[in-house]
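# Structure assessment
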Amino acid sequence: MTAVVEQAPTLATFPASRREILQALKKRGEMGAEELAAQLGLTTSGVRQHLAGLTADGLVDHRSVREGPGRPRHCYHLTTAADSLFPRAYSDLTNELLGYAAAEEPALIERVFEKRRQRRVEGARQRLAGLDFAGKVAELAGILDEDGYLADFEALPDGTFRVTEHNCAILGVARRYGQACSSEIEFLRDAVPEASIERVSHMIAGQHACAYEIKPKR
């Protein structure tokens, strides 16, 4: 008799509405059912049904917030178990292999991250070629999103852009090797050399997302 191997769930295995709810909570951190319904174009009752199912699956939890008289409002957030649905790029194996490399030749770690940065810069520059500044920011956010960072961008009133990574695809590695974070911002700066880019939010520092302020150099 052949044993059936049960595959671990991924975002792709969820129905569209539940997948959108999980992604929205990942991006915002915490939302009410009404907010989710308005953002996703769903009915509040439908969202509550999906949240009940996700709560039963151990992927969503909530806290009660009292705002004046009446019933308290439920604010929903992802559980630790839900983190496994988002890409982590096999950080345990990567850390193990990098540990072996560091033990053999400490300077090799710097060279490995530099090689990765160079490869990403070359690929990004090909995709950004010929675009205006706003187009480059949008395409750069798309590249990060494809790499598993759940990235998006917004244009701010002062002409500055903000790119936000709501998921760190290499968080486990970044917690152990600071080169991962320094390599990331250098990649962004080298991909768009005409931009001034600063990190304004950092997961490693305990914040909910990594975010970068991007504006043309003066």
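Thresholds applied
- Residues numbered from 1 in each chain as written.
- Predicted model: local features only at pLDDT ≥ 70, side-chain atom pairs only at ≥ 80, totals over all residues.
- Heavy atoms only, no water.
- Helix = DSSP H or I, 4+ residues; strand = E, 2+ residues; numbered from the N terminus.
- Areas by Shrake-Rupley, 256 points an atom, 1.4 Å probe, with all protein chains shown as cover.
- Lys, Arg positive; Asp, Glu negative; His and termini not counted.
- Charge placed at Lys NZ, Arg CZ, Asp CG, Glu CD.
- Expected span 1.5 Å × (residues − 1).
- Buried < 20%, exposed > 50% of the residue type's maximum accessible area, 1.4 Å probe, protein only.
- Arc of directions from axis to C-beta.
- Contact = heavy atoms within 4.5 Å.
- Phe/Tyr/Trp six-rings, centres within 6.5 Å; stacked < 30°, edge-to-face > 60°.
- Pairing = 2+ DSSP bridges.
- Axes fitted to C-alpha atoms, helices over the stretch in contact; angles between N-to-C directions.

To continue, consider the overall build of the protein. On a plain count of helices and strands, the protein comes out with 8 helices and 7 strands. With the principal axes as the frame, the protein shows a C-alpha extent of 60 × 55 × 35 Å. For the protein, the accessible surface area stands at approximately 12,500 Å², while carbon and sulfur atoms represent 52% of it. When the 28 positive and 31 negative side-chain charges of the protein are each reduced to one mean point, those points stand 2 Å apart.

Across its 13 residues, helix H3 (residues 44–56) extends 18 Å between first and last C-alpha, which sits within 8% of the 18 Å expected from 1.5 Å per residue. For H3, every residue scored as buried is listed here: Gly46, Val47, Leu51, Gly53 and Leu54. Taken end-on, H3 shows its buried residues confined to a sector of 160°, consistent with a single buried face. Across H3 from its buried face, at more than 90 degrees, point the exposed residues Gln49 and Ala56. As for H3, its buried residues are in contact with helix H1 (16–28), helix H2 (33–40), strand E2 (60–65) and strand E3 (73–78). Taken from the residues just after H3, glycine 58 is the one with a positive phi, measuring 80°.

This brings us to the packing of aromatic side chains. Taken as a whole, this structure holds 2 aromatic pairs when the rule is applied. Here the aromatic rings of phenylalanine 113 and tyrosine 177 are separated by 6.5 Å at their centres, their planes lie at 45°, and the arrangement is tilted. Here phenylalanine 113 is found in helix H5 (residues 107–128), whereas its partner tyrosine 177 is found in the loop between helix H7 (171–176) and helix H8 (179–191), with 64 residues between them in sequence. By relative accessible area, phenylalanine 113 is classed as buried at 8%. A ring pair is formed by phenylalanine 133 and phenylalanine 161, whose centres lie 6.0 Å apart and whose planes are at 45°; its orientation type is tilted. Of this pair, phenylalanine 133 sits in helix H6 (residues 133–149) while phenylalanine 161 is found in strand E5 (residues 161–165), placing the two residues 28 residues apart along the sequence.

What follows is about the environment of glycine 53. Topologically, glycine 53 is positioned in helix H3. Expressed as a C-alpha distance, the spacing of glycine 53 and threonine 13, which sit 40 residues apart in the sequence, is 14 Å.

This part covers the pairing of strand E7 (residues 210–216). Bridge count between E5 and E7: 5 bridges; the pairing is antiparallel. Opposite phenylalanine 161, over in E7, you have isoleucine 214 as the bridge partner. The pairing of strand E6 (residues 195–201) with E7 spans 6 bridges and is antiparallel. Across the sheet, the residue bridging to isoleucine 197 is isoleucine 214, located in E7.

Quick look at the sheet that holds E7 now. Reading across from one edge, E4-E5-E7-E6 is the order of the 4 strands in this open sheet, with antiparallel pairing throughout. Unpaired on one side and paired on the other, strand E4 (151–155) and E6 mark the two borders of the sheet. Sheet twist, expressed as the mean angle between neighbouring strand axes with direction ignored, is 20°. This element, H8, spans E5, E6 and E7 of the sheet and lies at about 145° to E6.

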